[in-house]
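Listed here are the chains, written in short residue letters.
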Amino acid sequence: MSETTTTTSPVAAGGSPAIADPPREKLTKKAITADHPTWCPGCGDFAVLASFYKVLEKRQLDHEKIVTLAGIGCSSRFPYFVNGHGAHYIHGRAVPLASGISLARPDLHVFLFGGDGDGFSIGGNHLDHGARKNINMTYFIMDNFVYGLTKKQTSPTSPIGFKSKTDPTGAIDMPVNPMKKLISAGATFIARTHAAQVPHMIQMIERAFDHQGFSVIECLSECVEFFPDVFDPANPKKGGSFELIQERKWDNTPEDELRHDVTDELAAYKLAQLPFPGVFGVFYETDRPTKNALEKKWIENTREKIGSASDVEILQKTFDRMK
Ligand SMILES: Cc1ncc(C[n+]2csc(CCOP(=O)(O)OP(=O)(O)O)c2C)c(N)n1
Ligand code: SF4
Ligand SMILES: [Mg+2]
């Protein structure tokens, strides 16, 4: 979530009264919709996009402050379909791009989208560092257990036995457990949802958005082309069960003792150990200073020490010291 969202006019030079801003137009779905999505009919990613539009509309964010970023993949096409600032960046490198934007412009709402390949394999290292630094952004990982865009290779979340172009006799490597990875990396908000459960998905996006820091949602989003029906066990409409995490209410009742304390890292690990399809909801949330806040403070302290020196003078001094 961004730090401030005020929209006041600057005071005119000479102290004359500021001209009032014209009233903002309502942020409608039409205003935030860009190109027609090019995903295959039935792809889970459509529901993610629809849910995202709903949240933007509901929260009435300032249109010019919405930034959507992504790496490469079917899911990473997301920014094309949102009318806002956006970039479809290098495969796996979306977290560093988002980090720079978030740190330089803390007033923007930085939303990041991508797949299991983008986030957990080629971008796995960047995910770790974005998480431990707690850089303010909302990252949505559309996990389909396969490389969709490149037409069916084994991904880091593909289950053992999955037959793909890279594993024609079935995958043999232990898959990444996204929840465990995110907890150990230090993400400060971690949730799990399913593209077939739109109200839950919207709820998770809103909770992640309200969190200050590195918030991540893993969304099971079916690739109907290269790994169909894999998420049916978590879809009640297809005979599965969508089991929600019961969060602690702190109401001093005996039943509350059995509910999940989202600030308890070890309890979150235990939930992450449950066999597929596991449970859904908020696994972990903690309040830790963001790098945005720490860096801001550090810059302010340094500014205080160096007085009124300009950026160029500071740079010159640094270079002089290096001579
Ligand atoms: C540096 C680099 N390496 C590999 C590729 C090829 N590539 C493009 S997308 C992709 C995987 C996409 O899978 P995922 O992130 O799970 O997204 P999905 O298409 O499944 O939504 C790969 C390997 C690339 N474009 N750039
Ligand atoms: S290939 Fe799979 S992930 Fe990509 S658009 Fe089609 S259904 Fe969606
Ligand atoms: Mg994928």
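The model shown is predicted, which means the values in this text are computed figures rather than measured ones.

Peer 1: Quick question: what am I supposed to make of the site of ligand 1 here?
Peer 2: C74, S75, D116, D118 and L149 are the nearest of the 16 residues found near ligand 1. At 2.7 Å, a side-chain N or O of S75 approaches an oxygen atom of ligand 1. In the environment of ligand 1, an oxygen atom lies 2.8 Å from a nitrogen or oxygen atom belonging to the side chain of D116. With the chains in place, 74% of the 590 Å² that ligand 1 exposes on its own is no longer accessible. Secondary structure elements with two or more residues in the shell around ligand 1: α4 (116–122) and β5 (146–147). When residues in the shell around ligand 1 are grouped by element, the largest group, four residues, is from α4. Class assignment for the residues of the shell around ligand 1 results in six nonpolar, eight polar and two charged.

Peer 1: Please explain the coordination of the magnesium ion (ligand 3) as it appears in this structure.
Peer 2: Think of it this way: four donors in a tetrahedron around the metal ideally sit 109.5 degrees apart, and six in an octahedron ideally sit 90 or 180 degrees apart. At this site the magnesium ion (ligand 3) is bound by D116 (OD), N144 (OD1) and V146 (O), with donor distances of 2.1 to 2.2 Å. The sequence pattern formed by the donor residues of the magnesium ion (ligand 3) is D-x27-N-x1-V. This pair shows no difference in class: N144 is buried, exactly as V146 is.

Peer 1: So what exactly am I meant to see when it comes to a nonpolar patch on the surface here?
Peer 2: On the surface, L315, F319 and M322 cluster together into a nonpolar patch covering about 350 Å² of accessible area. By secondary structure assignment, the location of F319 is in helix α10 (residues 311–322).

Peer 1: In this structure, what is going on with the pairing of strand β1 (residues 66–70)? I would like to understand it.
Peer 2: Two faces, one strand: in a regular strand the side chains alternate between the faces of the sheet. Across the five residues that make up β1, a large majority, five, are buried. What you see with β1 is no split at all: I66, T68 and A70 on one side and V67 and L69 on the other are buried throughout. Taken together, the four bridges between β1 and strand β2 (residues 85–88) define a ladder with parallel strand orientation. Across the sheet, A70 pairs through a bridge with H88, a residue of β2.

Peer 1: Quick question: what am I supposed to make of the site of ligand 2 here?
Peer 2: Lining the immediate environment of ligand 2, one finds W39, C40, C43, C74, N144, C223, V224, E225 and F226. Here the residues of the shell around ligand 2 are counted per class, giving seven nonpolar, one polar and one charged.

Peer 1: Looking at this model, I keep getting lost on the sheet that holds strand β4 (residues 137–143). Mind explaining?
Peer 2: Strand pairing within a sheet occurs via backbone hydrogen bonds; the two strands may be parallel or antiparallel. The seven strands lie next to each other as β2-β1-β3-β4-β8-β7-β9, forming an open sheet whose pairing is mixed. Only two strands of the sheet have a single neighbouring strand rather than two, namely β2 and β9 (281–285). Pairwise comparison of adjacent strand axes, ignoring direction, gives a mean angle of 15 degrees for this sheet.

Peer 1: Help me out: how do you make sense of the side chain of S51 in this one?
Peer 2: Mapped onto the elements, S51 comes out in helix α2 (residues 45–59). A distance of 2.7 Å separates the side chain of S51 from the backbone oxygen of A47, its partner in a polar contact. Ignoring any residue separated from it by four or fewer positions in sequence, one finds S51 in contact with V198, M201, I202 and I205.

Peer 1: Quick question: what am I supposed to make of the pattern of salt bridges here?
Peer 2: Between side chains of opposite charge, a pair can form when the charged atoms approach closely. One pass over the full model with this rule turns up 20 salt bridges. For the salt bridge of K238 with D229, the shortest nitrogen-to-oxygen distance reads 3.9 Å. On the accessibility criterion, K238 (46% relative accessible area) is partly exposed. By relative accessible area, D229 is classed as partly exposed at 43%. Two residues, R248 and D256, come together in a salt bridge whose shortest N-O distance is 3.5 Å.

Peer 1: What am I meant to see in the environment of A31 here?
Peer 2: Relative to the elements of secondary structure, A31 occurs in helix α1 (residues 29–32). A31 sits 51 residues away from V82 along the chain, and the two C-alpha atoms are 9.0 Å apart. What A31 contacts, discounting residues up to four positions off in sequence, is H63 and N83.

Peer 1: In this structure, what is going on with helix α3 (residues 94–104)? I would like to understand it.
Peer 2: One turn of an α-helix holds 3.6 residues; hence residues three or four places apart share an orientation. Listed in full, the buried residues belonging to α3 are A94, V95, A98, S99 and S102. All buried residues of α3 fall inside an arc of 130 degrees around its axis, so they share one side.

Peer 1: Mind showing me how you'd approach the environment of Q212 here?
Peer 2: With respect to the element layout, Q212 can be found in the loop between α7 (198–210) and β8 (214–220). As for Q212 and R288, which are separated by 76 residues in sequence, their C-alpha atoms are 8.6 Å apart. Side-chain polar atoms of Q212 contact the side chain of N136, separated by 3.3 Å.

What counts, and where the lines are drawn
Residues numbered from 1 in each chain as written. Chains lettered and ligands numbered in written order. Predicted model: local features only at pLDDT ≥ 70, side-chain atom pairs only at ≥ 80, totals over all residues. Heavy atoms only, no water. Near = heavy atom within 4 Å. Polar contact = N/O pair within 3.5 Å; in protein donor to acceptor, adjacent residues only side chain to side chain. Areas by Shrake-Rupley, 256 points an atom, 1.4 Å probe, with all protein chains shown as cover. Helix = DSSP H or I, 4+ residues; strand = E, 2+ residues; numbered from the N terminus. Nonpolar A, V, L, I, M, F, W, Y, C, P; charged D, E, K, R; others polar. Donors = N, O, S within 2.8 Å, 3.2 Å for Na, K, Ca; no water. Buried < 20%, exposed > 50% of the residue type's maximum accessible area, 1.4 Å probe, protein only. Patch = residues over 30% accessible without salt bridge, like charges linked within 9 Å, V, L, I, M, F, W, Y side chains within 5 Å. Salt bridge = Lys/Arg side-chain N within 4 Å of Asp/Glu carboxyl O. Pairing = 2+ DSSP bridges. Axes fitted to C-alpha atoms, helices over the stretch in contact; angles between N-to-C directions. Contact = heavy atoms within 4.5 Å. Arc of directions from axis to C-beta.

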